[in-house]
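Below are the chains, spelled out letter by letter.
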Protein chains: 2
Amino acid sequence: MRDFSSDLSALALNTATLGHNLDGYGAGWPVERVIDACAERGFAGLVFWRREIAASAQTIGERVRANGMKVVGLCRTPYIVGATAPPNLDEARGSIDMAAALGTDIVTIVTGGTEPGTRGVAESQLLLVERVAELAEYAADRGVNLALEPLNPMFGGNRTCLFTVAEAIRICEQTGAPNVGVAVDVYHVWWDTTLRQTLQAAAEPRIFGYHLCDWLADTGDMLLDRGMMGDGVADLKNIRRAVESAGYEGACEVEIFSAADWWQRDPGEVLDRIVERFRTLC
Amino acid sequence: MRDFSSDLSALALNTATLGHNLDGYGAGWPVERVIDACAERGFAGLVFWRREIAASAQTIGERVRANGMKVVGLCRTPYIVGATAPPNLDEARGSIDMAAALGTDIVTIVTGGTEPGTRGVAESQLLLVERVAELAEYAADRGVNLALEPLNPMFGGNRTCLFTVAEAIRICEQTGAPNVGVAVDVYHVWWDTTLRQTLQAAAEPRIFGYHLCDWLADTGDMLLDRGMMGDGVADLKNIRRAVESAGYEGACEVEIFSAADWWQRDPGEVLDRIVERFRTLC
């Protein structure tokens, strides 16, 4: 296992952790200030959301690299299945173009939920395989990889039709595309006692992302009540051990949606706390 | 598969579906009126909550049977692990006594969450095995079976340390007690695409309960926004097929916590709707 106590070379910030200044949460720091603040503290990379970068993908990517960091990924395609997915894949292809312009090789996919007129998730998953395969080809031509993110089962219905890493790995295999892998997010997988075994059993567990936060024992809001590492009950070191045993050597991306707590604080304080917790608890 | 279109002999009501009159929800029907209303509509059984029956377990059980129905189960022991579990198993034993007095052979167990001072769920599950084994012996002496209910992973942390039917079956096996089985609740398992395979692979899948509701695609509240059968995205017939393939021939217990919708309606209307949906959609 990598030793983070004296090495921040895996630490990345998902900018949502500072409250998405476009949402009325957080201190409203412009993205440039976020980049500089991460660089000052020794972060190794950042993950952006599409709405933050709009037409300035290339400039933002360059600023990150000029600060000695890396753009670790882009959040995310629109849903590609389910009731609220756009009618075609144009916007998803646009997000792949944006990733290429940013200079990152990872775009995350949150799938979207159950297809209208169907029940359960089986038919949605079949459609998902088709659409991911189609996007994978487009992405490969641009040097981009797709990271399928399974979500906590509470997000079934309208946000996801992938619930476990095992399921995401199966979908990857079914697409047959080498540039499709899995994003493992502590918030979504912390409860899954089969994770290590799943990763060990996989013929080729392509982990394209590892997202850090904590699961608060008394989670009050499904979406916006994630905990800072160390404040919850997730066994962070054990999860990282499982992920690294499967060959993962990439970034640990801190992604905390926390409307009532961390999004109310000064972003500098949040970043300092992340660094401290990352060194000692992750 | 059993044909419910003309046969209500499997239909049971979990009384929480009418709003728990002690909580300020629902129409506040006394339990006697609930029993009579179920009998009028051809229900085959009821499941009660401890707080509803207090010291009158025997009388209530007799009233159910005098109406030609059965007490299908008792909800539930207190948590037996986790931060809010009572310090000993006395109250859990009391709930077993109450089940015996009611004349039902099933008590449901919702485990409780992660033990204080631990992370993840591994240690909580070890403790769970010990405590369930201890309760199983006490229950066996009173002719009572224990149904371990895995919960949707969103309830990890403070309510459960069991998340899937596979995990619950493993815990049952580890207790080594023949009177410990699993309660399968649509709300908690609808997303699990491995359910059928899990039940088929189990050496002896002791299913002691099957709970019906639906998962609303846009679930707004973790606890109190369950859907009526047919209003959500759960593949109800497919789940029942999996459960019946594993030998289950018991009751289908309708359990809908719905503060904003069904708990606001007249209980008679709710019961009528249940019967209609049960015949056609379950």
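Residues numbered from 1 in each chain as written. Chains lettered and ligands numbered in written order. Predicted model: local features only at pLDDT ≥ 70, side-chain atom pairs only at ≥ 80, totals over all residues. Heavy atoms only, no water.

**Student:** Before we move on, can you summarise the overall build of chain A with the specific residues and values?
**Tutor:** Of the regular secondary structure elements, chain A holds ten helices and eight strands. The C-alpha radius of gyration of chain A comes to 18 Å, within 12% of the 19 Å expected for a compact globule of 282 residues. Projected onto the principal axes, the alpha-carbon positions of chain A cover approximately 45 × 40 × 35 Å. When each of the 282 residues of chain A is scored for burial, the buried share is 60%. As presented, chain A carries roughly 10,300 Å² of accessible surface, and 46% of it is formed by carbon and sulfur atoms. (Helix = DSSP H or I, 4+ residues; strand = E, 2+ residues; numbered from the N terminus. Rg over C-alpha atoms; globule rule 2.2 N^0.38 Å. Buried < 20%, exposed > 50% of the residue type's maximum accessible area, 1.4 Å probe, protein only. Areas by Shrake-Rupley, 256 points an atom, 1.4 Å probe, with all protein chains shown as cover.)

**Student:** I'd like a rundown of the relation of the copies chain A and chain B, residues and numbers included.
**Tutor:** Take chain A, turn it by 180°, move it 0.0 Å along the axis, and it overlays chain B with an RMSD of 0.0 Å. The two molecules are tied by a two-fold rotation axis, judged by turn and shift. Looking at the rotation axis and the C-alpha trace of chain A, the residue lying nearest is A:Met154, at 2.8 Å. Most of the interface of chain A is mirrored in chain B: 100% of its interface residues are interface residues there too. (Least-squares fit on C-alpha atoms with pLDDT ≥ 70 in both. Contact = heavy atoms within 4.5 Å.)

**Student:** Which residues make up the packing of helix α1 (residues 31–40) of chain B against helix α3 (residues 57–66) of chain B, and what values do they have?
**Tutor:** All names here are of chain B. Relative orientation of the contacting elements α1 and α3 amounts to 20°, with a least axis distance of 10 Å. As the angle between them shows, α1 and α3 are arranged roughly parallel. Seen from above, α1 lies across α3 with right-handed handedness. Along the contact surface, α1 presents Val31, Glu32, Ile35 and Asp36, while α3 presents Ile60, Arg63 and Val64. In terms of residue class, the contact of α1 with α3 is made up of four nonpolar, no polar and three charged. (Axes fitted to C-alpha atoms, helices over the stretch in contact; angles between N-to-C directions. Parallel < 35°, antiparallel > 145°, perpendicular 65-115°, else oblique. Left-handed = near helix turned anticlockwise from the far one by under 90°. Nonpolar A, V, L, I, M, F, W, Y, C, P; charged D, E, K, R; others polar.)

**Student:** Talk me through the side chain of B:Asp192; I want residue IDs and the actual numbers.
**Tutor:** With respect to the helices, strands and loops of the structure, B:Asp192 is situated in the loop between α7 (186–189) and α8 (195–201). With no salt bridge to any partner, buried B:Asp192 finds its closest opposite charge in A:Arg170, at an N-O distance of 8.9 Å. Only 2.6 Å separates the side chain of B:Asp192 from the side chain of B:Thr194, close enough to count as a polar contact. (Lys, Arg positive; Asp, Glu negative; His and termini not counted. Salt bridge = Lys/Arg side-chain N within 4 Å of Asp/Glu carboxyl O. Polar contact = N/O pair within 3.5 Å; in protein donor to acceptor, adjacent residues only side chain to side chain.)

**Student:** Describe the packing of aromatic side chains, and please don't skip the residues or the numbers.
**Tutor:** Enumeration over the complete set of coordinates arrives at 15 aromatic pairs over all chains. Ring centres of A:Phe257 and A:Trp263 lie 6.3 Å apart, and the angle between their planes is 55°; this geometry places the pair in the tilted category. Its relative accessible area of 4% is what places A:Trp263 among the buried residues. Between the aromatic rings of B:Trp190 and B:Trp215, the centroid separation amounts to 5.8 Å while the plane-to-plane angle is 25°, which identifies the pairing as stacked. Here the residue B:Trp190 occupies a position in the loop between α7 and α8, and B:Trp215 occupies one in the loop between β7 (207–212) and α9 (236–245), the gap between them amounting to 25 residues. Of the residues examined, B:Trp190 reaches a relative accessible area of 5% and is grouped as buried. Among the residues examined, B:Trp215 registers a relative accessible area of 0% and is labelled buried. Sitting over the face of the ring of A:Phe4, A:Arg240 holds its NZ or CZ atom 3.7 Å from the ring centroid. (Phe/Tyr/Trp six-rings, centres within 6.5 Å; stacked < 30°, edge-to-face > 60°. Lys NZ or Arg CZ within 6 Å of the ring centre and 35° of its normal.)

**Student:** I'd like a description of the pairing of strand β3 (residues 70–75) of chain A, backed by residues and values.
**Tutor:** Residues and elements named next belong to chain A. With five of six residues buried, β3 is to be regarded as a mostly interior element. Bridging between strand β2 (residues 45–49) and β3 involves five bridges; their strand directions are parallel. Each bridged residue has a counterpart across the sheet, and for Gly45 the counterpart in β3 is Lys70. Bridge analysis of β3 against strand β4 (residues 106–109) gives two bridges, and the strand direction is parallel. Paired with Cys75 across the bridge in β4 is Thr108. Handedness of the β3-helix α4 (residues 90–102)-β4 crossover: right-handed. (Pairing = 2+ DSSP bridges. Right-handed = clockwise from strand over helix to strand, strands pointing away.)

**Student:** So what about the pattern of salt bridges? Which residues, and what values?
**Tutor:** Residues and elements named next belong to chain B. On inspection of all chains with the given rule, the structure shows 38 salt bridges over all chains. We note a salt bridge from Arg63 to Asp36, for which the minimum N-O separation is 2.8 Å. Residue Arg63 is located in helix α3, and its partner Asp36 is located in helix α1; the two are separated by 27 residues in the primary sequence. Given a relative accessible area of 33%, Arg63 falls into the partly exposed group. Residue classification places Asp36 among the partly exposed residues on the basis of a relative accessible area of 24%. The salt bridge involving Arg50 is made with Glu91; its shortest N-O contact spans 3.0 Å. Of this pair, Arg50 sits in helix α2 (residues 50–53) while Glu91 sits in helix α4 (residues 90–102), placing them 41 residues apart in sequence.

**Student:** So what about unusual backbone geometry? Which residues, and what values?
**Tutor:** What is expected of a backbone is that most residues other than glycine have negative phi and most peptide bonds are trans. All names here are of chain A. Omega for the peptide link from Cys75 to Arg76 comes to -10°, which places this bond in the cis form. Checked against the element boundaries, Arg76 lands in the loop between β3 and α4. The residue Ala54 is not glycine, and still its phi comes out positive at about 40°. Its location among the elements puts Ala54 in the loop between α2 (50–53) and α3 (57–66).

**Student:** Explain the pairing of strand β7 (residues 207–212) of chain A to me, using residue names and the numbers behind them.
**Tutor:** Residue and element names in this part refer to chain A. Taken across its six residues, β7 has six buried, putting it largely inside the fold. By the bridge criterion, four bridges tie strand β6 (residues 180–185) to β7 in an arrangement that is parallel. Its bridge partner lying in β7, Val184 is registered against Tyr210. Bridge count for β7 against strand β8 (residues 252–254) is three bridges, and the pairing is parallel. Within β8, the residue paired with Tyr210 across the bridge is Cys252.

**Student:** Which residues make up helix α6 (residues 165–175) of chain B, and what are the values?
**Tutor:** Turning to α6(B), its buried residues number three or more, namely B:Val165, B:Glu167, B:Ala168, B:Ile169, B:Ile171, B:Cys172 and B:Thr175. Directly after α6(B), the chain includes B:Gly176, whose backbone phi takes a positive value near 70°.

**Student:** Describe the interface of chain A and chain B, with residues and values.
**Tutor:** Accessible area lost during the coming together of the parts is what is often quoted as the interface size. Listed by partner, the interface residues are 29 residues for chain A and 29 residues for chain B. By the criterion of area lost to chain B, the three top residues of chain A are A:Arg119, A:Trp191 and A:Met222, representing 25% of everything that side buries. Joining chain A to chain B, the criterion identifies two salt bridges. Of the charged contacts, one joins A:Asp214 and B:Arg119 as a salt bridge, the two residues approaching to 3.8 Å between their closest N and O atoms. Run the count over chain A and chain B and you get 16 residue pairs in polar contact (both at pLDDT 80 or more). Here the residues of the side of chain A that touches chain B are counted per class, giving eleven nonpolar, twelve polar and six charged. (Buried area = accessible area lost by both parts, 1.4 Å probe.)

**Student:** Describe in detail the sheet that holds strand β1 (residues 11–14) of chain B, supporting the description with residues and values.
**Tutor:** All names here are of chain B. Sheet architecture is closed into a barrel: eight strands sit in the order β1-β2-β3-β4-β5-β6-β7-β8, paired in parallel fashion. Direction aside, neighbouring strands of the sheet carry axes that sit 30° apart on average. Set on the sheet, helix α5 (residues 122–140) makes contact with β5 (145–148) and β6 (180–185); between it and β5 the angle comes to about 145°.

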